[in-house]
Amino acid sequence: QRYLVTVGEVLAVLAGSDTGPLAVGSDLRLGLAGAESNVAVGVSRLGGSAVWVGRVSDDSLGDLILRELRAEGVTTVAARDPAPTSLLLRERRTATHSRTRYYRTRTAGSRLSPEDIPEALVAGAAALHITGITPALGEGPSRAVTRAVDIAVAAGVPVSLDINYRSLLWGEAEARRTLLPLLRRSDLVFAGPYEGRLMTPDADGPEELAKAVCDLGPSGAVIKLGAEGAYALLDGRPYRQPAVPVTVLDSVGAGDAFAAGYLAELLAGEPPERRLRTAALLGAFAVSTTGDWEGLPRRFELGLLEHHDDI
Ligand code: CKP
Ligand code: MG
């Protein structure tokens, strides 16, 4: 069976329900987030098989994470760890501006180590998907990701990398130094324009960025342009994918949704045009619903955003 493997961390989200500064008595809504698990859920909802590898706390938050991923049909390979689950605090400071704070040091997910990577499972995958977040969590997670890539490359499993630069976790120079070796060994790279310039500083504009990324080794680069859609260079061929027009409620998770749509269709053996179209559709679902992954579509729902005459 063809399946995707992702390696990462699931965080508990505490999101303020009201706008304005946090106050005593504020309502905080409990949720889950994590770029790699968002991708795994997105692929699973489209009918693909996805495995999520990580480390989760040995308490009720850890139980909740595993229960939720499994309920979404994602296979979990997760060591239980006495350290706590990472937290993400989201303060809705104004209607349009949220402030994020991470509490993710000395947590279960940040104690991921190379021994946690299941060799046979990675070697038998149809693709390995990693993001720039996991290596930013520390030495152990960084080495775990490298170990996964080592196994994948040795087994001929294509590696997909979403740059996912997080300035709250590390600086640009360190990110570039750590992610460049991973990018060189990847087959497919997803990046926004800023992330693209971070990796290939001499390039600018989607065409140049995609070309510069592919010059480093990958056979495919997808530059995500938000409301402008995406530009992809795949095996030397250029593709332009328009965005699906929707009302934007919350753009967090759009990149993961896009990657999930693309990878689900890759797993299903679909051609590039179809992969990019489904990617754009999933991005549109993510931005026009609240939550990082909760609004992602099942396959039968993909048409929802395609026709607006369903009265
Ligand atoms: O690039 P995206 O907006 O798709 O990523 C969103 C995720 O993992 C979100 O779920 C969050 O928890 C994170 O990125 C993160 O660690 O920042
Ligand atoms: Mg992203």
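None of the values given here were measured: they were computed from a predicted structure.

**Remarks on the nonpolar core**
- Core analysis: the largest hydrophobic core is formed by 46 residues, its most contacted members being Val 43, Val 222, Leu 234, Tyr 262 and Leu 276.
- Ignoring sequence-local partners within four residues, the contact set of Val 43 consists of Leu 4, Gly 48, Ser 49, Ala 50, Ala 260, Leu 263, Ala 264 and Leu 267.
- With 43 residues, the next largest nonpolar core counts Ile 151, Val 159, Tyr 165 and Leu 233 among its residues.

**Section: the sheet that holds strand S3 (residues 28–33)**
- Read across the open sheet, the four strands follow the order S3-S2-S6-S7; overall the sheet is mixed. The sheet terminates laterally at S3 and strand S7 (98–103), the two strands that pair on one side only. Between one strand and the next, the sheet's axes are offset by a mean angle of 20°, whatever the strand orientation.
- Sheet analysis places strand S2 (residues 11–16) next to strand S6 (residues 87–92), joined by four bridges and oriented parallel. Within the sheet, the bridge partner assigned to Leu 14 lies in S6 and is Leu 89.
- Along the sheet face, helix H2 (residues 60–71) touches S2 and S3 and points at about 60° away from the line of S3.

**Things to note about the pairing of S2**
- Here S2 runs beside S3; their pairing, made up of six bridges, is antiparallel. Within S3, the position partnered with Leu 11 by the bridge is Ala 33.

**What about helix H5 (residues 172–184)?**
- The end-to-end C-alpha distance of H5, which contains 13 residues, comes to 18 Å, matching closely the 18 Å that a straight helix rising 1.5 Å per residue would cover.
- Along its length, H5 shows its largest kink, about 30°, at Thr 178, and proline Pro 181 lies within four residues downstream of that point.
- Restricting attention to buried positions, one finds in H5 the residues Ala 175, Leu 179, Leu 180, Leu 182 and Leu 183.
- Contacts made by the buried residues of H5 are with helix H4 (139–155), strand S9 (159–162), strand S10 (188–191), helix H6 (193–199) and helix H7 (206–215).

**Concerning the sheet that holds strand S1 (residues 3–7)**
- On the basis of which strands lie adjacent, the open sheet formed by nine strands has the order S5-S4-S1-S8-S9-S10-S11-S12-S13 and mixed pairing. What marks the edges here is a single partner per strand, and that holds for strand S5 (75–81) and strand S13 (237–241). On average, each strand axis in the sheet is tilted by 15° relative to the strand beside it, whichever way the strands run.
- Where strand S4 (residues 49–57) lies against S5, seven bridges are found, and the strand directions are parallel. Counted as the bridge partner of Trp 52 is Thr 76 from S5.
- The strands touched by H2 are S4 and S5; relative to S5, the strand with the most contacts, the crossing angle is about 175°.

What counts, and where the lines are drawn
- Residues numbered from 1 in each chain as written.
- Chains lettered and ligands numbered in written order.
- Predicted model: local features only at pLDDT ≥ 70, side-chain atom pairs only at ≥ 80, totals over all residues.
- Heavy atoms only, no water.
- Core = buried A, V, L, I, M, F, W, Y, C linked by side-chain atoms within 4.5 Å.
- Buried < 20%, exposed > 50% of the residue type's maximum accessible area, 1.4 Å probe, protein only.
- Contact = heavy atoms within 4.5 Å.
- Pairing = 2+ DSSP bridges.
- Helix = DSSP H or I, 4+ residues; strand = E, 2+ residues; numbered from the N terminus.
- Axes fitted to C-alpha atoms, helices over the stretch in contact; angles between N-to-C directions.
- Expected span 1.5 Å × (residues − 1).
- Bend = angle between axes of the 7 residues up to and from the residue.

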